[in-house]
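# Notes for the structure review
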Amino acid sequence: MLQVCLNGARSPREHFHLPVHPEELAKAAADAVAAGATDIHLHPKAPDGTDSLDPHLVAATLRAVRAAAPGIPVGITTGAWTAPDAAARVRAIRAWTVLPDHASVNWHEPGADDVAAALLERGIGVEAGIYSGTDADQQFRNSPHRLRVLRVLAEVTDRTARGAAATAEILLTRLRPAPAPILLHGEAAGAWPVLAAAARHGLATRIGLEDTLALPNGQIATDNAELVTAAITLLGEGTP
């Protein structure tokens, strides 16, 4: 499975084709799916470009993306930066009128269990975000929800091309045995080495402007679809 991560917590100032508004996310999603993505992760954004869990914004975004990419699962973030505290995020989730197929929960953040419970109560799949370099794996291991998650999102925070693959191996060792399928991904210069590691292990992975702005050759990608195309090529080859 190749997930496309369309925008992340980035600002539109970081990339000229970073999708922000629902119609932009819809086009980016459709293009990425046409290029080979089979799952979508995105951050609904307020008009000023900041991430938001506001029910109206979530609904407008999900409707637009699903119309443009019918039948493709769509997930969103519930990161701590989207609302001041876990209770506020839980209230937002309970107020959603249109539901994503899944949502990521970062287990190193306070209130992760409460946020996950709110998602599960509404029938939304949980991606358990486990960051390298944190105690998230231990927190998740002790969670009452660990056996109910959709997948484990193994997030390698080592942003270096030389160190990311080794960090990925350490993270995988800490996660296994995992209670759900693992999606392994990296970021910045580490994105492509970690994608290659995912291919070697036969794991799901992801790519998109949230994780990296650059193609494997270092050039800035035109858009998410170009990143997905490069990922499909590398996955087919096994390693970069």
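Quick look at the structure, then.

Attention shifts here to the overall build of the protein chain. Check the secondary structure of the protein chain and you find 8 helices and 8 strands. For 240 residues, the compact-globule formula gives about 18 Å, and the C-alpha radius of gyration of the protein chain, at 16 Å, lands near that figure. With the C-alpha coordinates of the protein chain rotated into their principal frame, the extents come out at 45 × 40 × 30 Å. Within the protein chain, residue pairs in contact and separated by at least 24 positions form 68% of the contacts whose partners lie at least 6 positions apart. Element-wise, carbon and sulfur atoms account for 55% of the exposed surface of the protein chain, whose accessible area totals about 9,800 Å².

I40, W96, W107, L119, L184 and I207 are the most contacted members of the largest nonpolar core, which has 71 residues in total. Beyond its immediate chain neighbours, meaning those up to four positions away, L119 contacts T78, I93, W96, A103, V105, I124 and V126.

With that settled, consider the packing of helix α1 (residues 22-35) against helix α2 (residues 55-68). Running from N to C, α1 and α2 point in directions that differ by 30°, and their axes come no closer than 8 Å. In terms of axis orientation, α1 runs roughly parallel to α2. The interaxial crossing formed by α1 with α2 has right-handed handedness. Across from P22, L25, A26, A29 and A30 in α1, the residues of α2 making contact are A60, T61, A64, V65 and A68.

Of all 10 residues making up helix α4 (residues 112-121), 7 are buried, and the element is well covered by its neighbours. Those residues of α4 that sit buried are A112, V115, A116, A117, A118, L119 and L120. Elements that come into contact with the buried residues of α4 comprise α3 (86-95), β4 (102-106) and β5 (125-131). Downstream of α4 by a residue or two, G123 has a phi angle that is positive, lying close to 80°.

Turning next to the packing of aromatic side chains. Centre distance and the angle of the planes are the two values used to describe a pair of aromatic rings. Under the counting rule described, the total for this entry stands at 1 aromatic pair. Residues W107 and F140 carry aromatic rings whose centres are separated by 5.1 Å and whose planes lie at 70° to one another, so their mutual orientation is edge-to-face. Pair noted here: W107 is in the loop between β4 and α4 and F140 is in helix α5 (residues 136-141), with a separation of 33 residues, a long-range link. With respect to class, W107 is no different from F140; both count as buried. The ring of F140 has R146 lying over it, and the distance from NZ or CZ to the ring centre is 6.0 Å.

About the thresholds
Residues numbered from 1 in each chain as written. Predicted model: local features only at pLDDT ≥ 70, side-chain atom pairs only at ≥ 80, totals over all residues. Heavy atoms only, no water. Helix = DSSP H or I, 4+ residues; strand = E, 2+ residues; numbered from the N terminus. Rg over C-alpha atoms; globule rule 2.2 N^0.38 Å. Contact = heavy atoms within 4.5 Å. Areas by Shrake-Rupley, 256 points an atom, 1.4 Å probe, with all protein chains shown as cover. Core = buried A, V, L, I, M, F, W, Y, C linked by side-chain atoms within 4.5 Å. Buried < 20%, exposed > 50% of the residue type's maximum accessible area, 1.4 Å probe, protein only. Axes fitted to C-alpha atoms, helices over the stretch in contact; angles between N-to-C directions. Parallel < 35°, antiparallel > 145°, perpendicular 65-115°, else oblique. Left-handed = near helix turned anticlockwise from the far one by under 90°. Phe/Tyr/Trp six-rings, centres within 6.5 Å; stacked < 30°, edge-to-face > 60°. Lys NZ or Arg CZ within 6 Å of the ring centre and 35° of its normal.

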